[in-house]
Amino acid sequence: MAVKAMYDYDWPSRSAAEFYGDDQLVHVWFRGNVFFVSAQTFRFPKAMPFGELVGLCKGFFAADPDFVPDAMDSANWKVDGQPITPDLDRSLEENGVGHKSLVEFTL
Amino acid sequence: MTVPAQKPVRKLSMKQRYSALTHDLDWTPTYVTEEQVFPHTTFEGIKVHDWSKWDDPFRLTVEAYNKYQAEKDRRLYAVLDGFAQSQGQLGLTDARYMNAMKIFLQGIPIHEYDAHRNFAYLARYANGPGARFAALCQSLDELRHAQTEIHTLSHYNKHFDGMHDWHKWSDRVWYLSVPKSFFEDALTAGPFEWLIAIGFSFEYLLTNLLFVPFMSGAAFNGDLPTMTFGFSAQSDESRHMTLGLEAIKFMLEQDEDNLPIVQDWLDKWFWRGYRLISLVAGMMDYMLPKRVMSWKEAFELYFEEQMLGGLFKDLEYYGIKPPRHVDWAIGEKEILSHQVYWILYQYSHAAAFSTTIPDAEDQAWLEQAYPETWPVYRDTVWNKAQRVMDEGGRYFNPGLPQLCTVCQIPMGFTEPGDPLTQCQRQSVYEGERYDFCSDGCQWIFDREPVKYRQSWLPVHQIFQGNCGGPTLPDVAAWYGLQPGDGAEYLGSPDHQNWLAWHGQAPQEG
Ligand SMILES: [Fe+2]
Ligand SMILES: [Fe+2]
Ligand SMILES: [Zn+2]
């Protein structure tokens, strides 16, 4: 529905991809662990290898004292709801991760 | 020539005076069209045939209004003076209580001022004199609320952290974007939508859930000034509720084509308002040293019983249905406060209030108030947070949360019936993805995507480099936070001072 206004109402997004240059926002969701109260938002280069994201997660989620970093190596992944087997050497973009995509994993 | 004997001057009755000094001052323009004088009341699609049908049951004149309000102000300021002279802050239940008032000061007075502005606008731009005059009174009330709230709480700023820069914070700090975006959403709508958003949904539907917890919380915790302010605002609030109800009935009675528009706004603003006051849920159940009632009890009494059971039965006559997504809200009543406080707990290092793990007494209260759901959160998150404390740490989330595009709250709300799986909703509009915490927020976005894609989401703005820099200290400096404003309560300056004032040894910080 168009916004009812006294003029042609059209304003751009304040979160558009163009604001982030070669980077993009990525939401990473540790499904099933509410110690992290919500998914986390990061700013990552589009060209960053997926494996680097896995490495960063190993450090980040260690804020949970029960987290076992190595378990990440056998995590199940989804991107925007679709199960994927990430290619760790290829970029986020090549693994289907776009601006504000939801990257979700379960252990 | 004889002069006829003059009749003795008869005083006008209240009702006649009201008419003479308000409605009778109105005139019909002849040099310009009505549309030129009141250009903003048609574009929303609301049809009005007879503005004189707008009833204003209070029949106040400016003179009477000023007299009542001056008297109330005198009483309030006498209490404030007495409290300051007797060092009343020492008689609070605990310094922890102040966290509730910090959130109140940071999140409310500035938007009372917004309400003042928009009702002043309605006092000029509504076509009918009844509506204009009621809006004028409310505009003055809201200005007075902003001023008296700030004045009331200013005493505490001399003794506690987290109160010094509320004005700047309300523009910048992440959780304060929640009320800010709510009010700016309403301010940028048309006059009729504003009346449904603020006049009806906020001031009528949800007002008891917002004000009663704060004001009775104040009474229970030794905060005489805030309690007195609450009483002083109460008679205003009953006028505001009446205006809200009059507004919705007026629209519905004027033309049956108005019904679907009004229902849509009601659906939207119920959910917007409900998400906003989830902050109150967290405050009620976790931040008051002495509780009044639980969020769940308040929701059942003030919303389910009084609104769904009472008000909506009356509105049925006009064809109005209970708000869309109301079942989702009912389904959350036993989990909402736990989830909100868990958000606040893990991000309070970037906030102007402090949090702490519920102590043994708090936990006993939570267990009896929420026998089904408290144990779930105790076992999954609080016991672990306690373990981190016991090992000399303090759990703060090391990153930034995914935010809902509409309510702007970190997406920590869960799927209906599943208290441990966060809800994820996404919409794609013109090739861009947007995230939502719930069906309610997603529905609001999908109605008006061009409005909400402009959301100034604090997390996205930090990542764009608009908030002082990329690190937490950069952002905290840009927010204007000082050490002691946020983080953990135990060992904080407020806590240390409190112990010292009461002759107890300070704890290890
Ligand atoms: Fe107010
Ligand atoms: Fe009000
Ligand atoms: Zn939301």
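Residues numbered from 1 in each chain as written. Chains lettered and ligands numbered in written order. Predicted model: local features only at pLDDT ≥ 70, side-chain atom pairs only at ≥ 80, totals over all residues. Heavy atoms only, no water.

## Considering the overall build of chain A
- Scanning chain A for helices and strands turns up one helix and five strands.
- Reading the secondary structure of chain A in the N-to-C direction produces β-β-α-β-β-β.
- Here the C-alpha atoms of chain A give a radius of gyration of 17 Å, more than 25% beyond the 13 Å that 2.2 N^0.38 yields for 107 residues.
- Considered along the principal axes of its C-alpha atoms, chain A spans approximately 55 × 30 × 20 Å.
- Going through the 107 residues of chain A one by one, you find that 48% of them count as buried.
- In chain A, once contacts between residues fewer than 6 apart in sequence are set aside, the share between residues at least 24 apart is 62%.
- Put simply, chain A shows about 5,100 Å² of open surface, and 51% of that area lies on carbon and sulfur atoms.
- Taken as two groups, the 9 positive and 16 negative side-chain charges of chain A have centres that lie 7 Å from each other. (Helix = DSSP H or I, 4+ residues; strand = E, 2+ residues; numbered from the N terminus. Rg over C-alpha atoms; globule rule 2.2 N^0.38 Å. Buried < 20%, exposed > 50% of the residue type's maximum accessible area, 1.4 Å probe, protein only. Contact = heavy atoms within 4.5 Å. Areas by Shrake-Rupley, 256 points an atom, 1.4 Å probe, with all protein chains shown as cover. Lys, Arg positive; Asp, Glu negative; His and termini not counted. Charge placed at Lys NZ, Arg CZ, Asp CG, Glu CD.)

## So, the coordination of the iron ion (ligand 2)
All names here are of chain B.
- Within the first shell, the iron ion (ligand 2) binds the protein through Glu203 (OE), Glu203 (OE), Glu237 (OE) and His240 (ND1), at distances of 2.2 to 2.5 Å.
- Around the iron ion (ligand 2) sit four donor atoms, and with donor-metal-donor angles ranging over 55 to 119 degrees the site reads as irregular.
- For the iron ion (ligand 2), the donor residues sit on a single chain with the sequence spacing E-x33-E-x2-H.
- If you look at the iron ion (ligand 2) and the iron ion (ligand 1), they sit 3.3 Å from each other. Note that glutamate 237 and histidine 240 are positioned in helix α11 (residues 224-254) at a spacing of three residues, about one turn of the helix. (Donors = N, O, S within 2.8 Å, 3.2 Å for Na, K, Ca; no water. Tetrahedral: all angles 85-135°; square planar, octahedral: opposite > 155°, others 65-115°.)

## A few points about unusual backbone geometry
All names here are of chain B.
- Despite not being glycine, glutamine 87 has its phi angle at roughly 50 degrees, a positive value.
- On the secondary structure map, glutamine 87 appears in the loop between α3 (62-85) and α4 (98-107).
- Here alanine 487, not a glycine, exhibits a phi torsion of approximately 70 degrees, which is positive.
- Classification of alanine 487 as partly exposed rests on a relative accessible area of 23%.

## Examining the packing of α3(B) against helix α6 (residues 129-157) of chain B
All names here are of chain B.
- Where α3 meets α6, the closest approach of the two axes is 11 Å, and the angle between their N-to-C directions is 10 degrees. As summarised for this structure, α3 and α6 are arranged roughly parallel, according to the angle between their axes. Across the interface between the two elements, Val62, Tyr65, Gln69, Lys72, Asp73, Leu76, Tyr77, Leu80, Phe83 and Ala84 of α3 pack against Phe133, Cys137, Leu140, Asp141, Arg144, Thr148, His151, Thr152, His155 and Tyr156 of α6.
- Grouping the amino acids of the contact of α3 with α6 by side-chain chemistry returns 11 nonpolar, five polar and four charged. (Axes fitted to C-alpha atoms, helices over the stretch in contact; angles between N-to-C directions. Parallel < 35°, antiparallel > 145°, perpendicular 65-115°, else oblique. Nonpolar A, V, L, I, M, F, W, Y, C, P; charged D, E, K, R; others polar.)

## Section: the interface of chain B and chain A
- Residue-level contacts link 51 residues of chain B with 42 residues of chain A.
- Interface area, chain B with chain A, both sides summed: about 4,100 Å², of which 53% is carbon and sulfur.
- The largest contributions to the chain B side of the interface with chain A come from B:Gln422, B:Arg433 and B:Phe463, which together make up 16% of the buried area.
- The tally of links between chain B and chain A comes to six salt bridges.
- Residue A:Asp80 pairs with B:Arg433 through a salt bridge whose shortest N-O separation is 3.0 Å. (Buried area = accessible area lost by both parts, 1.4 Å probe. Salt bridge = Lys/Arg side-chain N within 4 Å of Asp/Glu carboxyl O.)

## Considerations on the coordination of the zinc ion (ligand 3)
Residues and elements named next belong to chain B.
- Those donors, Cys404 (SG), Cys407 (SG), Cys437 (SG) and Cys441 (SG), are the protein atoms that reach the zinc ion (ligand 3), and they lie 2.3 to 2.4 Å from it.
- Given four donor atoms and angles of 106 to 116 degrees at the metal, the environment of the zinc ion (ligand 3) is assigned as tetrahedral.
- Each donor residue of the zinc ion (ligand 3) belongs to the same chain, with the gaps between them written as C-x2-C-x29-C-x3-C. Assigned by exposure class, cysteine 404 and cysteine 407 land together as buried.

## Thoughts on the packing of aromatic side chains
Residue and element names in this part refer to chain B.
- What the rule picks out here adds up to 59 aromatic pairs over all chains.
- Between phenylalanine 182 and phenylalanine 183, the aromatic rings sit 5.1 Å apart at their centres with planes inclined by 75 degrees, giving edge-to-face as the arrangement. The pair phenylalanine 182 / phenylalanine 183 is uniform in exposure class, with both members buried.
- Ring geometry for tyrosine 286 and tyrosine 341: centres 4.5 Å apart, planes at 10 degrees, overall stacked. A residue pair is termed long-range when its members are at least 10 positions apart, and tyrosine 286 in helix α13 (residues 278-286) and tyrosine 341 in helix α16 (residues 336-347) qualify at 55 residues. (Phe/Tyr/Trp six-rings, centres within 6.5 Å; stacked < 30°, edge-to-face > 60°.)

## Regarding a nonpolar patch on the surface
Residue and element names in this part refer to chain A.
- Taken together, the side chains of Met6, Tyr7 and Trp11 define a hydrophobic patch exposed on the protein surface, amounting to about 340 Å² of accessible area.
- Structurally, the position occupied by tryptophan 11 is in the segment before β1 (23-30).
- According to the relative accessible area criterion, tryptophan 11 is partly exposed, its value standing at 40%. (Patch = residues over 30% accessible without salt bridge, like charges linked within 9 Å, V, L, I, M, F, W, Y side chains within 5 Å.)

## Structural notes on the pattern of salt bridges
- Within this structure, the stated rule accounts for 46 salt bridges over all chains.
- Salt-bridge contacts for B:Arg453 lead to A:Asp10; the nearest nitrogen and oxygen are separated by 2.9 Å. Within this pair, whereas B:Arg453 is found in the loop between α20 (449-452) and α21 (458-463), its partner A:Asp10 is found in the segment before β1, the two belonging to separate chains.
- Close ionic contact of B:Glu432 with A:Lys100 constitutes a salt bridge, the shortest N to O distance being 2.7 Å. Highlighted residues: B:Glu432 in strand β3 (residues 432-436) and A:Lys100 in the loop between β4 (82-84) and β5 (101-106), drawn from two different chains.
- Looking at B:Glu432, the relative accessible area reads 11%, which means it is buried.

## A few points about the sheet that holds β1(A)
- Judged by pairing direction, the sheet is mixed, and its six strands sit side by side in the order β4(A)-β3(A)-β5(A)-β1(A)-β2(A)-β1(B) without closing on themselves. Edge positions in the open sheet fall to β4 of chain A together with β1 (400-401) of chain B, since each of these has one partner strand only.
- Examined bridge by bridge, β1(A) and strand β2 (residues 40-45) of chain A share six bridges and lie antiparallel to one another. Across the sheet, A:His27 pairs through a bridge with A:Thr41, a residue of β2(A).
- On top of the sheet, helix α1 (residues 50-60) of chain A reaches β1, β2, β3 (76-79), β4 and β5 of chain A; it is set at about 140 degrees to β2(A), its chief contact. (Pairing = 2+ DSSP bridges.)

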